[in-house]
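Coordinates in review
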Amino acid sequence: MSTKPTSRQRLARAKFALPSFVTLLSIACGFGSIVISVDNAHIGAPSDYRLAAILLVLAGVFDALDGFVARLTKTQSSFGVQLDSIADVMNFGCAPGLLLYCYGFAQMGAAHPTLVRMGGLACFVFVTCGALRLARFNVMVGRTDPRYFVGMPITAGAACVASVVVAWPDPATTMAQCFAIIALMLAVGTLMVSTIRFPSSKHPRGKVMLALLAACAVLLAVLQTRFFVLFFLLYVSATLLLNIAWRMGWTGVAPPKVYED
């Protein structure tokens, strides 16, 4: 004889479903970005490309929130981890890859078909590198220093390429612009699968983080949409310089710990 679930049981089930619901909101943003990119491919409206890029940023916000909600409600689960990983492939691999393909090459199809194929290949490399980056992250949990990511996180990679669309939403119309986008996709993809250590924002350093946030707020007010391009340029440059300094023996910032297998 079955019994109806009590109010406490229903509340517990709803609590466990909450992080997954936030992840689904992230997926909705990623899917919305894909739909807008495809619909706008042969129109080339700058406002629609910018909206598609902003949706990817919003997907990143929900991606951060689902983990926060899971920790807050103590409802972490293997199901949530797998759902989040699948969502990341679509939201921060496929969606930005498709956005940059439509943004960078859709208007060039008739005049330069070979260039369009090259752009499609570069965007595919970006998606592939993002998927490999996620797979590596999943198998290396607990085996690397949690203060640093091995390779650029896929969320940062997606935000990096999307920031270009936010700053300059007019689609590419020259070969120089197309080659610049190809270089961008290949460079960010390479950073994602590299072994370069990127600092993790999950381990902030109090006053330093507050100072950085204040500086970012001022720059955002001054530069507006161009701020995001400058942010990622500085982020990548500072990370590369930090890794070079570690190789030269500098320990002013503690290098990542090496875990034995």
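Each value, and the rule that gives it
Residues numbered from 1 in each chain as written. Predicted model: local features only at pLDDT ≥ 70, side-chain atom pairs only at ≥ 80, totals over all residues. Heavy atoms only, no water. Helix = DSSP H or I, 4+ residues; strand = E, 2+ residues; numbered from the N terminus. Contact = heavy atoms within 4.5 Å. Areas by Shrake-Rupley, 256 points an atom, 1.4 Å probe, with all protein chains shown as cover. UniProt positions renumbered as here; feature names shortened; annotations may be inferred. Expected span 1.5 Å × (residues − 1). Bend = angle between axes of the 7 residues up to and from the residue. Buried < 20%, exposed > 50% of the residue type's maximum accessible area, 1.4 Å probe, protein only. Axes fitted to C-alpha atoms, helices over the stretch in contact; angles between N-to-C directions. Parallel < 35°, antiparallel > 145°, perpendicular 65-115°, else oblique. Left-handed = near helix turned anticlockwise from the far one by under 90°. Core = buried A, V, L, I, M, F, W, Y, C linked by side-chain atoms within 4.5 Å. Salt bridge = Lys/Arg side-chain N within 4 Å of Asp/Glu carboxyl O. Phe/Tyr/Trp six-rings, centres within 6.5 Å; stacked < 30°, edge-to-face > 60°.

To continue, consider the overall build of the chain. Across its full length, the chain holds 8 helices and 2 strands. Helices and strands appear in the chain in the N-to-C order α-α-α-α-β-α-α-β-α-α. Intrachain contacts of the chain at a sequence separation of at least 6 include 80% that bridge at least 24 residues. About 14,900 Å² of surface is accessible on the chain, with carbon and sulfur atoms providing 71% of the total.

Mapped onto the present numbering, the UniProt feature "transmembrane region" (unreviewed entry) falls on residues 16-37, 49-69, 89-106, 118-136, 148-168, 174-194 and 206-223. Summarising residues 148-168: 67% helix, 14% strand, and an end-to-end C-alpha distance of 31 Å. Span residues 174-194 is 90% helix and 0% strand, its end C-alpha atoms 30 Å apart.

Over its 28 residues, helix α3 (residues 78-105) runs 39 Å from end to end, which matches the ideal 40 Å to within 8%, given 1.5 Å per residue. Along α3, the largest kink reaches about 25 degrees and is centred on Ala 95; proline Pro 96 follows within four residues of it.

What follows covers helix α2 (residues 46-73). If you check α2, its first and last C-alpha atoms are 40 Å apart, about what 28 residues at 1.5 Å a residue would give, namely 40 Å. Every buried residue of α2 is accounted for by Tyr 49, Ala 52, Ala 53, Leu 55, Leu 56, Ala 59, Phe 62, Asp 63, Asp 66, Val 69, Ala 70 and Thr 73. Just beyond α2, the residue with positive phi is Lys 74, at close to 55 degrees.

This part takes up the packing of α2 against α3. Viewed as axis vectors pointing N to C, α2 and α3 meet at an angle of 165 degrees, and their least axial separation amounts to 11 Å. Relative to α3, the element α2 lies roughly antiparallel. Seen from above, α2 lies across α3 with left-handed handedness. Note on element contacts: α3 touches α2 through Asp 84, Asp 88, Asn 91, Phe 92, Ala 95, Pro 96, Leu 99, Cys 102 and Tyr 103, opposite Tyr 49, Ala 52, Ala 53, Leu 56, Ala 59, Gly 60, Asp 63 and Asp 66.

What follows concerns the side chain of Asp 63. Mapped onto the fold, Asp 63 is located in helix α2. Beyond its immediate sequence surroundings of up to four residues, Asp 63 is in contact with Ser 26, Asp 84, Asp 88, Phe 92 and Thr 155.

Right, let's talk about the nonpolar core for a bit. Grouped together as the largest cluster of nonpolar side chains are 54 residues, with contacts concentrated most on Leu 99, Leu 100, Met 152 and Met 185. Mapped onto this core, the elements with two or more residues apiece are α1 (7-40), α2, α3, α4 (113-139), α5 (154-167), α6 (175-193) and α8 (227-247). Once residues lying within four places of it in the same chain are set aside, the contact partners of Leu 99 are Ser 37, Tyr 49, Ala 52, Ala 53, Leu 56 and Val 165.

Under the criterion given, the structure shown has 1 salt bridge. Here Asp 145 and Arg 147 are joined by a salt bridge, their closest N and O atoms 2.6 Å apart. Take Arg 147: its relative accessible area is 22%, and that puts it in the partly exposed class.

Looking now at the packing of aromatic side chains. This model, assessed by the stated rule, comprises 9 aromatic pairs. Aromatic pair Phe 227 and Phe 231: ring centres 6.0 Å apart, planes at 40 degrees, arrangement tilted. Within this pair, Phe 227 and its partner Phe 231 are both found in helix α8, separated by 4 residues, close to a single helical turn. By relative accessible area, Phe 227 is classed as buried at 7%. Taken together, a centroid distance of 5.2 Å and an interplanar angle of 85 degrees make the contact between Phe 231 and Phe 232 edge-to-face. Since its relative accessible area comes to 35%, Phe 231 is described here as partly exposed. In this structure Phe 232 comes out as buried when scored by relative accessible area, which is 10%. Grouped by ring-pair contacts, the aromatic residues Phe 198, Phe 227, Phe 228, Phe 231, Phe 232 and Tyr 235 constitute a single cluster.

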